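# Coordinate analysis (summary)
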Amino acid sequence: MAAGPALLATRAWADTPPSMVVFRDPTCGCCHHWVEHLTANGFAVTVHDAPDMKPVKVRFGVPAELSSCHTGEIAGYIIEGHVPAAAIKRLLAAKPAGRGLAVPGMPIGSPGMEGGEPEIYEVMLFGAGVPQSFGHFREDKPV
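Residues numbered from 1 in each chain as written. Predicted model: local features only at pLDDT ≥ 70, side-chain atom pairs only at ≥ 80, totals over all residues. Heavy atoms only, no water.

### As for the sheet that holds strand 2 (residues 45-49)
With mixed pairing, eight strands are arranged side by side in an open sheet as 2-1-3-4-5-6-7-8. One side of each edge strand has no neighbouring strand; the edge strands of this open sheet are strand 2 and strand 8 (141-142). As paired strands, strand 3 (residues 71-74) and strand 4 (residues 77-81) are joined by four bridges and run antiparallel to one another. By the bridge assignment for strand 4, Thr-71 is matched with Glu-80. Running over the sheet, helix 2 (residues 29-40) touches strand 1 (20-24), strand 2 and strand 4 and is turned about 170° from strand 1. Across the sheet, helix 4 (residues 85-94) lies against strand 1, strand 3, strand 4, strand 5 (100-103), strand 6 (120-126) and strand 7 (132-138), angled at about 145° from strand 7, the strand it touches most. (Pairing = 2+ DSSP bridges. Helix = DSSP H or I, 4+ residues; strand = E, 2+ residues; numbered from the N terminus. Contact = heavy atoms within 4.5 Å. Axes fitted to C-alpha atoms, helices over the stretch in contact; angles between N-to-C directions.)

### Observations concerning helix 4
Along helix 4, the positions that sit buried rather than exposed are Ala-85, Ala-87, Ile-88, Leu-91 and Leu-92. The buried residues of helix 4 all sit within an arc of 160° when viewed along its axis, so they share a single face. Within helix 4, the exposed residues directed more than 90 degrees away from the buried face are Ala-93 and Ala-94. One or two steps after helix 4, the chain reaches Lys-95, where phi turns positive at roughly 50°. (Buried < 20%, exposed > 50% of the residue type's maximum accessible area, 1.4 Å probe, protein only. Arc of directions from axis to C-beta.)

### Observations regarding unusual backbone geometry
One can expect most non-glycine residues to show negative phi and most peptide bonds to be in trans. Its identity is not glycine, yet Lys-95 carries a phi of approximately 50°, on the positive side. Relative to the helices and strands, Lys-95 is located in the loop between helix 4 and strand 5. Given a relative accessible area of 51%, Lys-95 falls into the exposed group. Positive phi, close to 60°, is recorded for Glu-139, a residue that is not glycine.

### Considering the packing of aromatic side chains
For the structure shown, the criterion picks out two aromatic pairs. When the centroid spacing of 5.7 Å and the interplanar angle of 45° are considered together, the rings of Phe-23 and Phe-60 count as tilted. Taken together, the residues span a long stretch of sequence, with Phe-23 in strand 1 and Phe-60 in helix 3 (residues 54-60) at a distance of 37 residues. Owing to a relative accessible area of 6%, Phe-60 belongs among the buried residues under this scheme. Consider the rings of Tyr-121 and Phe-137, whose centres lie 6.1 Å apart with planes at 25°: the pair is stacked. Highlighted residues: Tyr-121 in strand 6 and Phe-137 in strand 7, separated in sequence by 16 residues. If you follow Arg-59 out to its NZ or CZ, it ends over the ring of Phe-23, 5.3 Å from the centre. Above the ring of Phe-134, the side-chain terminus of Arg-90 is found at 3.8 Å from the ring centroid. (Phe/Tyr/Trp six-rings, centres within 6.5 Å; stacked < 30°, edge-to-face > 60°. Lys NZ or Arg CZ within 6 Å of the ring centre and 35° of its normal.)

### Details of helix 2
For helix 2, spanning twelve residues, the distance from its first C-alpha to its last is 17 Å, which sits close to the expected 16 Å at 1.5 Å a residue. Buried positions along helix 2 lie against strand 1, strand 2, strand 4 and helix 4. At the exit of helix 2 stands Gly-42, carrying a positive phi of roughly 95°. (Expected span 1.5 Å × (residues − 1).)

### Considering the pattern of salt bridges
Under the definition given, this model contains four salt bridges. Between Asp-49 and Arg-24 there is a salt bridge, with its nearest N and O atoms 3.3 Å apart. Residue Asp-49 is found in strand 2, and its partner Arg-24 is found in strand 1; the two are separated by 25 residues along the sequence. One salt bridge connects Lys-57 with Glu-80, and the closest N-O pair in it is separated by 2.6 Å. (Salt bridge = Lys/Arg side-chain N within 4 Å of Asp/Glu carboxyl O.)

Okay, structure coming up:
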């Protein structure tokens, strides 16, 4: 039996993540590398240069303690900093309560921050009470 158009559309959406909009300082090289990581993992990304990122972070409700250098928006969620594509895909599949994901600071080895000895870092889910762990990563892999 052939699948109907609605089922095919649902399957296509599940296989193709929604588009992401990324705001970044145009002089920041790591932001460019993070966008390359996202596109290599199947995300369609539109980049907007924002020389002053503070108003962007305020508009999207990024807590100061979770702040990093770039901010993205996808499917109603905010993605702050060097969040790996695997964590974003898990977020979109699980749809947890919260505003979004953040990797505070700029951990060495995280997507966009390659080079040096990679460290283990934490991805945080924020916006539904106290921020909580969404997973630990080394480079772009869960640990």
